[in-house]
Amino acid sequence: MVFQKIILPFLILVSFNVFGQQPKLMLPVGHTDKITVFQFSPDGRFVATGADDHTVKLWDVNTGKLLADLKGHTNDITTLSFDSGGNRLLSTASIDTFARLWDIRTGTLVKAIHTGSSYIDFAIFSPDGTKIAITSSRGIPSLYSASTGLPIVTLKIGYATVKSAAFSADSRKLILKTYDDPQICDTETGSVLTTLKGHNSYIECVAFSSDGMKVATGSGDKTIKIWQAENGELLYTLSGHTATPKSITISPDGRRMISSVTGDRESKLWDLEKGTWIADLEGYNVESVSFSYDSQLILTLAINGSRLWDATTGVLKNTPSSSWDMASFNRTGSDYLVSYKDTTRLIDAKSGTTKAVLNELRKPGIVVFSHDDQKIAGQFGKSNNGAVWDSRTG
């Protein structure tokens with residue numbers, strides 16, 4: 001079994017089996033401080049890296065060639081995202097108060113989007129790739145053109161602290177999580193479509209269903225509420241947690257939902273269509289939850305181990321390990337990665353067998369799969385090195 005790997009910041013092309021490596025090429029270029037984020041382009045041809053050296057770099061995945069060195073941020077890079085067409089890249093560095101929009105074809109800056117004196121909390125492309133939503137610690141949130149970076153819509157919610165936001169799948173609606181009741185806005189006009197009133201405490205997490213028809217909110221009142229997105233009608237109130245739900249994850253098919261609480265001994269699996277509890281997924285202090293792309297499996301990572309579950313019944317399928325630092329599905333759900341310290345394993349989701357071992361993956365928490373699942377990007381060796389592995393087996 002052979003993995004083909006390209007190491008980005010020093011451009012080492014390496015073929016290796018699970019026990020060794022053979023460097024073929026080294027060039028002294030790359031980041032000068034630790035890499036904090038990786039992101040593949042939708043077509044898998046490019047990978048972008050952001051680092052604490054305040055730069056973003058764009059690489060050719062097949063050759064490892066550095067295509068563009070994107071400079072201008074004055075603080076550590078915190079987020080990177082490509083638009084759906086793979087023509088634009090959005091980068092943020094939080095406290096430098098700028099989101100920078102880059103043209104991937106030319107490697108040039110399209111627009112430095114300034115949020116005044118406010119730190120940037122959140123910046124994402126709409127699913128259709130036409131708009132950018134940016135929220136900051138203070139001020140009135142706005143939508144920007146993904147082509148020009150210019151403001152196109154001011155959301156009519158007034159002066160508010162928006163901690164996060166989420167687009168509906170059709171990009172027509174945007175839900176804003178504030179310290180008050182969540183609001184759903186029309187992305188064409190900026191007008192408020194509905195305000196979700198009913199919780200007795202602050203809102204901690206929000207999520208759209210994949211079809212954009214429902215919204216889930218978790219609150220400090222220890223409940224989760226399911227709403228009709230179009231008119232704000234309350235459909236269900238889900239109770240059972242002993243503390244504030246910290247995260248909500250909805251399956252790709254929109255039929256199941258998982259809610260997790262820091263400090264609880266389990267996450268809860270819900271039927272989103274009926275508003276009923278299905279099962280508790282045991283695991284102390286759950287750190288991450290993910291559904292497979294086909295919505296058939298659930299992978300949880302907790303302090304006492306990672307586990308694989310049946311998403312229909314909540315029945316435990318297997319326990320990959322009791323001491324992993326990271327666990328995540330690839331995009332199709334056929335395989336998943338589990339990591340502990342400097343060892344990462346690629347596991348076949350059906351059989352539970354190890355397909356390959358990536359011994360040199362340094363910080364597994366920032367590993368990403370390409371959109372076709374054929375490549376994996378992550379830190380290699382020193383913290384300012386990145387690598388791309390070919391995930392296909394021989």
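No experiment lies behind these values; they were computed from the predicted model shown.

Draft legend 1. Structural detail: the sheet that holds strand S14 (residues 142–145). If you trace the four strands from one edge of the open sheet to the other, you get S12-S13-S14-S15, paired in antiparallel fashion. At either end of the open sheet lies a strand with only one pairing partner, and these are strand S12 (120–125) and strand S15 (151–154). Geometrically, the sheet is characterised by an average inter-axis angle of 25 degrees between neighbouring strands, direction not taken into account. Relative to S14, strand S13 (residues 131–136) is paired through four bridges, and the arrangement is antiparallel. Each bridged residue has a counterpart across the sheet, and for Ile-132 the counterpart in S14 is Tyr-144.

Draft legend 2. How the structure looks around the nonpolar core. Within the largest apolar cluster, 14 residues are counted, with the highest numbers of intra-cluster contacts made by Leu-58, Leu-80 and Leu-89. Excluding anything up to four places from it in sequence, Leu-58 contacts Phe-46, Val-47, Ala-48, Lys-65, Leu-66, Leu-67, Ala-68, Phe-82 and Ile-104.

Draft legend 3. Fine view of the confidence of the model for the protein. On average, residues of the protein score 80 in pLDDT, and 80% of them are at 70 or above. Per-element averaging of pLDDT across the protein places strand S3 (residues 22–23) at the bottom with 30 and strand S23 (residues 234–238) at the top with 96. Note on residues 9–28: pLDDT is under 50 here. Beyond four places in sequence and across chains, it has 61 contacts.

Draft legend 4. Representation of the pairing of strand S28 (residues 288–291) within the structure. Examined bridge by bridge, S28 and strand S29 (residues 297–302) share four bridges and lie antiparallel to one another. Pairing of Ser-290 across the sheet is with Leu-299, part of S29. Linking S28 to S29, which pair antiparallel, is a turn of five residues; within it Ser-295 sits at a positive phi near 65 degrees.

Draft legend 5. Structural detail: the sheet that holds strand S9 (residues 88–92). Taken together, four strands build an open sheet; the order of strands is S8-S9-S10-S11 and the sheet is antiparallel. Edge strands, defined here as strands with exactly one partner in the open sheet, are strand S8 (79–82) and strand S11 (108–114). Averaged over all neighbouring strand pairs, the angle between strand axes comes to 20 degrees, with direction disregarded.

Draft legend 6. View of the packing of aromatic side chains. Counted under the stated rule, the structure contains zero aromatic pairs. We note Arg-100 situated over the ring of Phe-98; from NZ or CZ to the ring centre the distance is 5.1 Å.

Draft legend 7. Expanded view of unusual backbone geometry. For His-54, which is not a glycine, the phi torsion comes out positive at approximately 75 degrees. Mapped onto the elements, His-54 comes out in the loop between strand S5 (46–51) and strand S6 (56–60).

Draft legend 8. Here's a closer look at the pattern of salt bridges. Summed over all chains, the structure comprises 13 salt bridges. Between Asp-181 and Lys-197 there is a salt bridge, with its nearest N and O atoms 3.1 Å apart. Of this pair, Asp-181 sits in the loop between strand S17 (173–178) and strand S18 (183–186) while Lys-197 is found in the loop between strand S19 (192–195) and strand S20 (203–208), placing the two residues 16 residues apart along the sequence. The exposure class of Asp-181 is partly exposed, given its relative accessible area of 23%. Overall, Lys-197 belongs to the exposed group, its relative accessible area being 58%. A salt bridge links Lys-355 to Asp-335, with the nearest nitrogen and oxygen atoms 3.0 Å apart. One end of the pair, Lys-355, is in strand S35 (residues 354–358); the other, Asp-335, is in strand S33 (residues 335–340), with 20 residues separating them in the sequence.

Definitions and limits used
For every chain, the first residue of its written sequence is number 1, and the numbers climb from 1 along that sequence. In keeping with the model being predicted, local features are shown solely for residues with a pLDDT of at least 70 and side-chain atom pairs are shown and tallied solely at 80 or more, while totals for entire chains, interfaces and linings include all residues. Neither water nor hydrogens contribute to the side-chain values; these are computed over all heavy atoms in the structure. For two strands to count as paired, DSSP must find a minimum of two bridges between them. The helix count covers DSSP runs of H or I at least four residues long, the strand count covers runs of E at least two residues long, and both are numbered beginning at the N terminus. For every element, the axis is a line fit to its C-alpha atoms; helices are fit only across the contacting stretch, and the angle between N-to-C directions ranges from 0 to 180 degrees. The term nonpolar core refers to a set of buried residues drawn from Ala, Val, Leu, Ile, Met, Phe, Trp, Tyr and Cys, joined through side-chain atoms within 4.5 Å. Relative accessibility under 20% of the residue-type maximum defines a buried residue, over 50% an exposed one, and the middle range a partly exposed one, all with a 1.4 Å probe and only protein chains included. The contact definition used throughout considers only heavy atoms, calling two residues in contact when any of these lie within 4.5 Å. The pLDDT score gives, residue by residue, the confidence of the prediction method on a 0 to 100 scale. Planes of paired rings set the category: under 30 degrees apart is stacked, over 60 is edge-to-face and the rest tilted, where pairs are Phe, Tyr or Trp rings (Trp by its six-membered ring) whose centres lie within 6.5 Å. To sit over a ring, a charge needs its Lys NZ or Arg CZ within 6 Å of the ring centre and within 35 degrees of the ring normal. Criterion for a salt bridge: a side-chain nitrogen of Lys or Arg within 4 Å of a carboxyl oxygen of Asp or Glu.

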